[in-house]
Amino acid sequence: MTVTAHHPTTTITREPKASWAAFAERVRENGQYRTRAEAEQVARTVLSALGGHVTADERVELAAALPEEAARVFASQIPAVRPLTAAGFVDAVAARIDGSTAATARWDVSSVLSVVADLVDEDLTRRVIAQLPPGYALLFGRAQLAPVAGGPEGPAA
């Protein structure tokens, strides 16, 4: 069901949040997992790992945008004292999944985080990525843009 609020100059449309089953099915399709149960386990592992690394308003907004079960897994984590590099994050996920390697964990992480990025608006995705060390953008299925020499205006003259 779509809820639409009409105002004299603005129409705000809110789509209902995806269910946990729909979220897990998207992860299953994205990661080409054999079963939804496998996709659910991978999603829980990745969301749990991510939950320790996203803070402040972005943590609250991301949790609010996720299906209830995903939000619970994500938000139940204590924030990490020191953020992991993208490679360290992948290694941490690999350590949580039996038989996983860095390559399979990278696939798992990307399979889940790209679904997360597709569920939330682009602004929130950018803000979450900006909070994290370089390299996470690729895990979310986004380009990792390198800063231009001389700042945002371009090369120094």
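Since the model is a prediction, treat every value here as computed from it, not as a measurement.

**Student:** Explain the nonpolar core to me, using residue names and the numbers behind them.
**Tutor:** Among the nonpolar cores identified, the biggest contains 41 residues, and Phe23, Leu47, Leu50, Leu62, Leu66, Phe89 and Val112 are the most heavily contacted of them. Not counting the four nearest positions on each side in its chain, Leu62 is found in contact with Leu50, Phe74, Val116, Val120, Leu124 and Val128.

**Student:** So what's going on with the pattern of salt bridges? Residues and values would help.
**Tutor:** Enumeration according to the criterion identifies 11 salt bridges in this entry. Where Arg72 meets Glu69, a salt bridge forms, and the shortest distance between an N and an O atom there is 3.5 Å. With a gap of 3 residues between them, Arg72 and Glu69 both fall in helix 4 (residues 68–75), about one helical turn apart. Owing to a relative accessible area of 47%, Arg72 belongs among the partly exposed residues under this scheme. Among the ionic pairs, Glu122 bridges to Arg142, the shortest N-O distance being 3.1 Å. On the criterion of sequence distance, the pair formed by Glu122 in helix 7 (residues 122–131) and Arg142 in the segment after helix 8 (136–139) is long-range, its members being 20 residues apart.

**Student:** Account for unusual backbone geometry, naming residues and giving values.
**Tutor:** You will see that Gln32, though not glycine, has its phi angle at about 55°, which is positive. Tracing the backbone shows Gln32 in the loop between helix 1 (20–31) and helix 2 (36–51). The phi angle at Ala56 is positive, at roughly 60°, despite the residue not being glycine. Note that Ala56 resides in helix 3 (residues 56–65). Judged by relative accessible area, Ala56 falls into the exposed class, the value being 52%.

**Student:** So, helix 1: which residues are in play, and what are the values?
**Tutor:** Taking 1.5 Å of rise per residue, 12 residues should cover 16 Å, and helix 1 covers 16 Å from first to last C-alpha, within 8% of that figure. Residues Trp20, Phe23, Ala24, Val27 and Gly31 constitute the buried set of helix 1. Projected onto a plane normal to the axis of helix 1, the buried residues spread over an arc of 95° and lie on a single side. Considering only its buried residues, helix 1 is in contact with helix 2, helix 4 and helix 6 (102–119). Following helix 1 by one or two positions, Gln32 has its phi on the positive side, about 55°.

Cut-offs and rules
- Residues numbered from 1 in each chain as written.
- Predicted model: local features only at pLDDT ≥ 70, side-chain atom pairs only at ≥ 80, totals over all residues.
- Heavy atoms only, no water.
- Core = buried A, V, L, I, M, F, W, Y, C linked by side-chain atoms within 4.5 Å.
- Buried < 20%, exposed > 50% of the residue type's maximum accessible area, 1.4 Å probe, protein only.
- Contact = heavy atoms within 4.5 Å.
- Salt bridge = Lys/Arg side-chain N within 4 Å of Asp/Glu carboxyl O.
- Helix = DSSP H or I, 4+ residues; strand = E, 2+ residues; numbered from the N terminus.
- Expected span 1.5 Å × (residues − 1).
- Arc of directions from axis to C-beta.

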